[in-house]
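Breakdown of the fold
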Amino acid sequence: MKKALLSLFLGCFLLGYSNVFAQDEEISHYVVIGAFAKHDNAIRWTDQANKANFNAQYAINVARNLYYVYILDSPDKRKAFSLMLKIRVESPYKDAWVFSGKLGQEPKEEPVVVPEPEADPEPEPEPIIEEDPEPEPEPVVEEPVEEPVPEGKPFYFKLVSEEEEVLGEIHITETARSSQYQAFNGNEVVYLQKPRNTANAFIVSVQAPGYRPVELTVDYEDPSVLSSGIGDKNEVIIPIELVRSKRGDYIEFNKVRFFGNSAIFQPESKLELDGLVDLMKENPKYKIKVHGHCNGTQSRNVVVKGSSNEFFETNTLNTRETLSAKALTEARANLVKEYLVSQGIDGKRIKTKAEGGKTMIYPQGSTLSGYNDRIEVEIKKH
């Protein structure tokens, strides 16, 4: 009996283990060049890419209800990041990114089949004595529960660039000089209460990485001048066209992140760094300048790599120093250079520049202020 139960337990464990691997195998890595809410826009963007000799396709991201136009679908994550960086540098698609998951279908949940354990033989059934059936209970009719509606008027601030949705943050204030604001994500329905000023208006400021800041005034009672229509939840849709703040061959590395108050990479940084390694090996004439940025201008006590050979985790060989904001960004830019050299890139091809906190893309205390700690790479083609 015990052997049978042990066999069943091992069988269930191996079944679940194999399901995990089956799910991992289903994950693909897409190099995406555009995301669109309208089907027609996705078709048009795909056709344009194919005319430029890209093998472009599109499929829906079910979770976001957006059509993704992509030029690569690969199980190899490093290959995807390498191509993404190359596309950013050598094509008009400066906003290309890597989506890891599965497009075009709902996520699957594999049922877990648990065999019933062997049981002792059932005893002979007792004789059944029939009784008069009890009357069936009256059905219970449950009243529908209405979800509470948030207070205020619904708005949808649609952040786009060339009809493609853009990640960004919305700041709402009632006066231009106010330091108090409400922060919301763009491209989501938000509920705003009536302003307390006599103009019944509020100011919308948009902060989006890599794009110029935008500010506009919205009439709360009559926003139709700026609106493009009404959405499914009766929200007022206000499209905001964003313009890139940098043209050419600047690349903001969205995945290159550092542990808090440190010049040590977080593990996920390796993906884009290795993509840059591959790009520079493929193009020996490329030279780069690494720009380091940070959140704020104050000095701080930080952890730096020290004599450690590990770039992506902290350990006892790291050292602690008090650095200015500029010195911190210098250490971070130099860490990028050191990693590239460790992967076989000639250090003469790499320059660094410490920007400190002088070009923050979000207010220092905002919910997205962590994006101020970033690395940008300037590609110089010779």
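Residues numbered from 1 in each chain as written. Predicted model: local features only at pLDDT ≥ 70, side-chain atom pairs only at ≥ 80, totals over all residues. Heavy atoms only, no water.

Attention shifts here to the overall build of the chain. Each helix and strand in the chain was counted, giving five helices and 19 strands. When burial is assessed residue by residue, the chain has 40% of its 382 residues classed as buried. Restricting the contact set of the chain to residue pairs at least 6 apart, pairs at least 24 apart contribute 69%. Counting every atom, the chain has about 23,200 Å² of accessible surface; 51% of that belongs to carbon and sulfur. (Helix = DSSP H or I, 4+ residues; strand = E, 2+ residues; numbered from the N terminus. Buried < 20%, exposed > 50% of the residue type's maximum accessible area, 1.4 Å probe, protein only. Contact = heavy atoms within 4.5 Å. Areas by Shrake-Rupley, 256 points an atom, 1.4 Å probe, with all protein chains shown as cover.)

Taken together, four strands build an open sheet; the order of strands is β14-β19-β15-β18 and the sheet is mixed. Looking at the sheet topology across the chains shown, the edges are occupied by β14 (250-252) and β18 (350-354). Averaged over neighbouring strand pairs, the angle between their axes works out to 20° when direction is ignored. Contacts between helix α3 (residues 77-90) and the sheet are confined to β14, β15 (286-293) and β19 (374-381), with β14 contributing the most and set at about 145° to the helix. (Pairing = 2+ DSSP bridges. Axes fitted to C-alpha atoms, helices over the stretch in contact; angles between N-to-C directions.)

Our focus in this paragraph is the pattern of salt bridges. Counted under the stated rule, the structure contains 13 salt bridges. Here the residues in one salt-bridge network are R78, K270, D274 and D278, joined through shared partners. (Salt bridge = Lys/Arg side-chain N within 4 Å of Asp/Glu carboxyl O.)

For S228, the position within the fold is in the loop between β11 (214-219) and β12 (229-230). We classify S228 as exposed; its relative accessible area is 52%. A sequence separation of 70 residues divides S228 from K158, and the C-alpha atoms of the two residues are 9.8 Å apart. Look past the residues within four positions of S228 in its chain and what remains in contact with it is I237 and P239.

What follows covers the sheet that holds strand β4 (residues 97-101). On the basis of which strands lie adjacent, the open sheet formed by four strands has the order β2-β3-β1-β4 and antiparallel pairing. Two strands lie at the open edges of the sheet, namely β2 (57-61) and β4, each paired on one side alone. Each strand of the sheet is rotated relative to its neighbour by a mean of 50°, with strand direction disregarded. In this sheet, strand β3 (residues 66-74) lies alongside β2 in antiparallel orientation, the contact comprising five bridges. Considered in β3, the bridge of Q57 is made with Y70. Where helix α2 (residues 39-51) meets the sheet, its contacts fall on β1 (28-36), β2 and β3, and the angle it forms with β1 comes to roughly 115°.

This brings us to unusual backbone geometry. Unlike most non-glycine residues, N200 shows phi in positive territory, near 55°. Here N200 lies in the loop between β9 (189-192) and β10 (201-207). You will see that N261, though not glycine, has its phi angle at about 50°, which is positive. With respect to the helices and strands, the residue N261 is situated in the loop between β14 and α4 (270-282).

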